[in-house]
Amino acid sequence: MTTLEISSPSSFSSWPADYHTHTYLCRHAEYTPLDYSRAAAEKGIPEIACTDHIPFPNDPAPSIRMALDEFDLYLSLVREAQAQGPCPVLLGVEADYRRDLVDGYIQQLLDRTDFDLVLGSLHTGPFWDLMPDDPTATPEFVEQMWRTYFLRMADLADARLFDVCSHFDIVKRNGCRPSEKVLAEIVPPALDAVAQAGMAIEINTSGLEHAAAECYPSMQILAWMQERSIPITFGSDAHAPSQVGRHFEPAADLVKSAGYTTRASFRKRICRQVSL
Ligand SMILES: [Zn+2]
Ligand SMILES: [Zn+2]
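Everything numeric here is computed off the predicted structure, so don't read it as measured data.

> So what exactly am I meant to see when it comes to helix α4 (residues 139-158) here?
Helix length check: α4, at 20 residues, gives a terminal C-alpha distance of 29 Å against a target of 28 Å (1.5 Å per residue), a fit within 8%. The complete set of buried residues in α4 reads Val142, Trp146, Tyr149, Phe150, Met153, Leu156 and Ala157. The arc that holds every buried residue of α4, seen down its axis, measures 105°, which confines them to one face. Looking at the buried side of α4, the elements it contacts are β3 (117-121), β4 (164-165) and α5 (180-197). Arginine 160 sits one or two positions beyond α4 and adopts a positive phi of about 55°.

Shown next, in the form of structure tokens:
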């Protein structure tokens, strides 16, 4: 496992864009896109993306996502920030992968407007609340949980609906991990699917504040990504403007040590590479 060295802010010459932020419409976050744009400009971040969770149909009590009838409000809040904000704001969305919704609903929602980028992510599974000290967290169960998660990640890539994989190995969120041998068996096929889909993978720094205590994805996975020339973006997964760009200094050091010299920049779902 790689130890993350925390570098001082003064050693950090240029900020990457922050392509993962949440507004108050996600219920568990605060503030508007304009608030985020102002906070990002103060930090010197060159560009942000608003990426609230995609609404789901017939969601009776949404706890992490806007309701379907709030989608137009979301678009207008982002447009307001684009018109008035001091830091450029991209129109994004975090589209949770659901097998039952990929054929039709998600595509139709994405077609309703011209997004700059679409994050694809997995949020459901026992990894979300299973703790390592839970008696049911046996090595066999943890291994199966990871196998299922990365099979689903390959499905997500195969759906060809998303531009960037969010928090790629969030299955490690609470610290339940399989052996290195299992990891080497199950992760590369998912990365092959991502590479074939032409998707990027996000360096999500929120993991540094979870029990996982490292970015999503790990250094080992970054090295496998680099071998496949999978582009990277940076995302704080901020739920308040003060979190924009959080931990980007050690994250930039991490990706550089994995061999990356560029990051992906998006406009209207077209990816281009810019220097780190
Ligand atoms: Zn997420
Ligand atoms: Zn998120």
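> Looking at this structure, how should I read the packing of α4 against α5?
The description of two packed helices rests on the angle between their axes and on the distance between the axes. Relative to each other, α4 and α5 sit at 10°, their axes nearing to 8 Å. Taken together, the axes of α4 and α5 are roughly parallel relative to one another. Mapping the contact onto sequence places Glu143, Trp146, Arg147, Phe150, Met153, Ala154, Ala157 and Asp158 in α4 and Val182, Ile186, Val187, Pro189, Ala190, Ala193, Val194 and Ala197 in α5. Considering only residue class, the contact of α4 with α5 consists of 13 nonpolar, no polar and three charged.

Each value, and the rule that gives it
Residues numbered from 1 in each chain as written. Chains lettered and ligands numbered in written order. Predicted model: local features only at pLDDT ≥ 70, side-chain atom pairs only at ≥ 80, totals over all residues. Helix = DSSP H or I, 4+ residues; strand = E, 2+ residues; numbered from the N terminus. Expected span 1.5 Å × (residues − 1). Buried ≥ 20, exposed ≤ 12 C-beta atoms within 10 Å, placed from the backbone. Arc of directions from axis to C-beta. Contact = placed C-beta atoms within 7 Å. Axes fitted to C-alpha atoms, helices over the stretch in contact; angles between N-to-C directions. Parallel < 35°, antiparallel > 145°, perpendicular 65-115°, else oblique. Nonpolar A, V, L, I, M, F, W, Y, C, P; charged D, E, K, R; others polar.

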